[in-house]
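Residue-level structure breakdown
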Amino acid sequence: MGPAPLFLLLAAALCLAMTSVWLAVLRGARSGWVDAVWSFLVGAAGIAAALVPVDGWAGDWQRRLMVAAVAGLWSCRLGIHIVRRTLHGGEDPRYARLREEWGESWRSRLLLFLQIQAAAALLLAATIFLAARNPAPGLQWSDFAGVAVLLTAVFGEGLADAQLTRFRANPANSSKVCDEGLWSLSRHPNYFFQWLGWTGYAVIAIGPAGAWSWGWLALIGPAFMYWLLVHVSGVPPLEAHMRRSRGIAFAAYADRVNAFWPGPQSRETST
């Protein structure tokens, strides 16, 4: 099998899966399941992209297994977290807002939106594919560096999610903004670490000397994820919801904490 048939099969599977989620939402399922299923799909597509034999793109078997393992770890951790949040929470405010804005056309627009998510999953699977198929023999220092970045990202995102879950579990914080732990360094540390993980795949794909030209295309993964999280479906709708629901408390928080990059207050534009 060549890469084209593999990605055509993955595209068909992703489109079908997201269409199934769309049908479930139409039947009354909570919109949070969209993100949970998407997280599992990205991991499954990435594992397939790393392990399925592809003519001319063999790569080193150790690298392929390692990349598949970290892709599965990231996907399961995030997917399970969203499943738990969906089971114990209400409707995702971002999707509720979209439904309100779309009005009578929300069904057809949601279907289109989910197919765009399927395309995004395919692009991210391609990033994993490039990391797994680097032809350098054996494991190189760049492989260990990339995995270190990925594991840091998985741990950091998990810690941020746990801190926010613990904060929300306290009824006294119902009208407050989480400003503890990693959330005191970034308004969206979970998004930051999610983005960071995709830079790890790029490090592996580029390799120790950057000699494999295809590997540089893996930079599309972190670039796309940054754009998606910071400018499209991550920060903007969530912060709009926080400004409506937390008002002055969130405005004060936004004035002293960066939107995305952890660390001292910078000149970031408030989204």
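If you're wondering where the values come from, they're calculated on a predicted model, not measured in any experiment.

1. Some remarks on the side chain of Asp 35
Structurally, Asp 35 is set in helix α2 (residues 32-51). Among the polar contacts made by the side chain of Asp 35, one reaches the side chain of Arg 94 at a distance of 2.4 Å. Once you skip the residues sitting within four places of it in the chain, Asp 35 turns out to touch Ile 82, Asp 92, Arg 94 and Tyr 95.

2. Let's talk about the nonpolar core
Within the largest apolar cluster, 78 residues are counted, with the highest numbers of intra-cluster contacts made by Trp 38, Val 67, Phe 129, Trp 198, Tyr 201 and Met 225. Residue contributions to this core peak at 13 residues, all from helix α5 (residues 106-132). Apart from residues no more than four positions distant in its own chain, Met 225 is found in contact with Trp 38, Leu 124, Gln 194, Trp 195 and Trp 198.

3. Structural notes on the packing of α5 against helix α8 (residues 220-232)
The interhelical angle for the contact between α5 and α8, taken along N-to-C directions, is 145°, at an axis separation of 9 Å. The residues of α8 that touch α5, namely those facing Ala 120, Leu 123, Leu 124 and Thr 127, are Ile 220, Gly 221, Phe 224 and Met 225. For the contact of α5 with α8, the class distribution of residues is 6 nonpolar, 2 polar and no charged.

4. Some remarks on the packing of aromatic side chains
Applying the stated criterion to the full structure yields 19 aromatic pairs. Their ring planes at 70° and their centres at 5.3 Å tell us that Trp 57 and Trp 214 sit as a pair that is edge-to-face. Placement of the pair is Trp 57 in the loop between α2 and α3 (61-88) and Trp 214 in the loop between α7 (189-206) and α8, with a sequence separation of 157 residues. Overall, Trp 214 belongs to the partly exposed group, its relative accessible area being 44%. When the centroid spacing of 5.0 Å and the interplanar angle of 45° are considered together, the rings of Trp 198 and Tyr 201 count as tilted. Of this pair, Trp 198 and Tyr 201 both sit in helix α7, separated by 3 residues, roughly a single helical turn. Residues Trp 198 and Tyr 201 agree in their burial class; the two are buried. Connected via pairs of aromatic rings, a cluster forms that spans Phe 192, Phe 193, Trp 195, Tyr 226, Phe 260 and Trp 261. Across the ring face of Trp 106, the terminal group of Arg 99 is positioned such that the distance to the ring centre comes to 3.8 Å.

5. Overview of the side chain of Gln 117
Tracing the sequence through the fold places Gln 117 in helix α5. Among the polar contacts listed, one links the side chain of Gln 117 to the side chain of Tyr 95, at a separation of 3.1 Å. Those residues in contact with Gln 117 that sit more than four places away from it in its chain are Met 18, Val 34, Trp 38 and Tyr 95.

6. Re the confidence of the model for the protein chain
Here the protein chain shows a mean pLDDT of 92. Residues at 70 or above account for 98%. When mean pLDDT is taken per element in the protein chain, α7 scores highest with 97 and helix α4 (residues 93-102) scores lowest with 86.

7. A look at α7
Taking 1.5 Å per residue as the helical rise, α7 with its 18 residues ought to reach 26 Å, and the 26 Å between its terminal C-alpha atoms agrees with that figure. Among the 18 residues that make up α7, 17 are buried, leaving the element largely enclosed by the rest of the structure. Backbone geometry just after α7 places Gly 207 at a positive phi near 85°.

8. Let's talk about the pattern of salt bridges
In total, this model carries 9 salt bridges according to the counting rule given. Put simply, Glu 100 and Arg 97 hold a salt bridge, and the shortest N to O gap is 3.4 Å. Here Glu 100 and its partner Arg 97 are both found in helix α4, 3 residues apart, which amounts to about one turn of the helix. One salt bridge in this structure joins Arg 187 and Glu 239, with 2.8 Å as the shortest N-O distance. Of the two residues, Arg 187 sits in the loop between α6 (141-169) and α7 while Glu 239 sits in helix α9 (residues 235-256), which places them 52 residues apart along the sequence.

About the cut-offs
- Starting from 1, residues in each chain are numbered consecutively following that chain's sequence as written.
- Totals for whole chains, interfaces and linings use all residues, but because this is a predicted model, local features are given only for residues with pLDDT of at least 70 and pairs of side-chain atoms are given and counted only at 80 or more.
- Think of the side-chain values as coming from all heavy atoms in the structure, minus any hydrogens and water.
- Helix and strand assignments come from DSSP, with helices taken as H or I runs of at least 4 residues and strands as E runs of at least 2, each series counted from the N terminus.
- Polar contacts, as used here, are pairs of N or O atoms within 3.5 Å; protein pairs need one atom able to donate a hydrogen and one able to accept it. Residues neighboring in sequence count only if both atoms are side-chain atoms.
- In what follows, a contact means two residues having at least one pair of non-hydrogen atoms within 4.5 Å.
- Residue types Ala, Val, Leu, Ile, Met, Phe, Trp, Tyr and Cys, when buried and joined through side-chain atoms within 4.5 Å, form a set referred to as a nonpolar core.
- Each residue is assigned to one of three classes by its accessible area relative to the maximum for its type, calculated with a 1.4 Å probe on protein chains only: buried under 20%, partly exposed between the two thresholds, exposed over 50%.
- What counts as an axis is a line fitted to C-alpha atoms, over the stretch in contact for a helix, and the angles between N-to-C directions run from 0 to 180 degrees.
- The residue classification treats Ala, Val, Leu, Ile, Met, Phe, Trp, Tyr, Cys and Pro as nonpolar and Asp, Glu, Lys and Arg as charged. All others, Gly included, are polar.
- Any Phe, Tyr or Trp ring, taking Trp's six-membered ring, that has another such ring centre within 6.5 Å forms a pair; planes under 30 degrees apart are called stacked, those over 60 apart edge-to-face, and the others tilted.
- For a Lys NZ or an Arg CZ to count as sitting over a ring, it must be within 6 Å of the ring centre and within 35 degrees of the ring normal.
- A score from 0 to 100, pLDDT tells how confident the predictor is in each residue.
- Multiplying 1.5 Å by the helix residue count minus one yields the expected span of that helix.
- By convention in these notes, a salt bridge is any Lys or Arg side-chain nitrogen within 4 Å of a carboxyl oxygen on Asp or Glu.

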